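Chain by chain, the residues run as shown.
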Amino acid sequence: YTTLFRSTGTWHVTHSTLPMWKKARNVAITYAPLSEDANPKLDDTVTYQGLTNPALKTVSGIDTPAGDGAWSWRGKGWLMIASSHWQFLGYGGGGEGGEEEGWAVTYFQKTLFTPAGIDIYSRRKEGLGAEVLEGITATLGENESEEIRELAKVLFEVKRD
């Protein structure tokens, strides 16, 4: 439940390896609890804009716990055919700056539509301080998983304005 509690609310994707985010800006993911039973589910809403188009695009799905801190995502509506498996690799913050200073790192497995990858989230749209970001990327670069270490090398900043 700690991960569930810490994950709810809106996160801004500041860095990613997902190619589609190179053509997007202001990517945000909002997690909201759908239930508080032994198998809690999350409503998962991604919003973003194209680099030059002001229209807000939305991708919605439901996250279901898959054990060991992992989640299974299933799209809503016409995206019901899409699914993915993801997990939090780490999270922190919430010190003196409160929850708005929070950060998280997620790993998502390859799907029919996307390669495996990493996202770095910030509670603040402005992103993370340089020191925090350097600490996260250094830790990813030392991960026991070769896949995570290789993905960390290709992280890019997602445009925010």
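Refer to the structure presented above.
Just so it is clear, the model here is predicted, and its values are computed rather than measured.

(A) Fine view of the environment of Leu128. Within the element layout of this structure, Leu128 appears in the loop between strand E8 (117-122) and helix H2 (130-141). Placed 25 residues apart in sequence, Leu128 and Trp103 show a C-alpha to C-alpha distance of 7.5 Å. Once residues lying within four places of it in the same chain are set aside, the contact partners of Leu128 are Gly102, Trp103, Ile120, Tyr121, Ser122 and Ile136.

(B) Expanded view of the pattern of salt bridges. Taken as a whole and judged by the stated rule, the model has five salt bridges. Of the charged contacts, one joins Arg160 and Glu157 as a salt bridge, the two residues approaching to 3.3 Å between their closest N and O atoms.

(C) The side chain of His12, seen in detail. Residue position: His12 is located in strand E1 (residues 9-16). Taking relative accessible area as the criterion, His12 reaches 17% and is therefore assigned buried. Sequence-distant contacts of His12, defined by excluding residues within four places in its chain, comprise Val27, Ala28, Ile120, Tyr121, Ser122, Arg123, Arg124 and Lys125.

(D) Layout of unusual backbone geometry. Although it is not a glycine, Asn26 adopts a positive phi angle of roughly 55 degrees. Tracing the backbone shows Asn26 in strand E2 (residues 24-33). Exposure remark for Asn26: the relative accessible area of 11% places this residue in the buried category.

(E) View of the environment of Leu56. For Leu56, the location among the structural elements is in strand E4 (residues 56-67). For Leu56, a relative accessible area of 58% translates into the label exposed. Put simply, Leu56 and Arg25 are 31 residues apart on the chain and 9.9 Å apart in space, counted from C-alpha to C-alpha. Apart from residues no more than four positions distant in its own chain, Leu56 is found in contact with Thr47, Tyr48 and Gln49.

About the thresholds
- Residues numbered from 1 in each chain as written.
- Predicted model: local features only at pLDDT ≥ 70, side-chain atom pairs only at ≥ 80, totals over all residues.
- Heavy atoms only, no water.
- Helix = DSSP H or I, 4+ residues; strand = E, 2+ residues; numbered from the N terminus.
- Contact = heavy atoms within 4.5 Å.
- Salt bridge = Lys/Arg side-chain N within 4 Å of Asp/Glu carboxyl O.
- Buried < 20%, exposed > 50% of the residue type's maximum accessible area, 1.4 Å probe, protein only.

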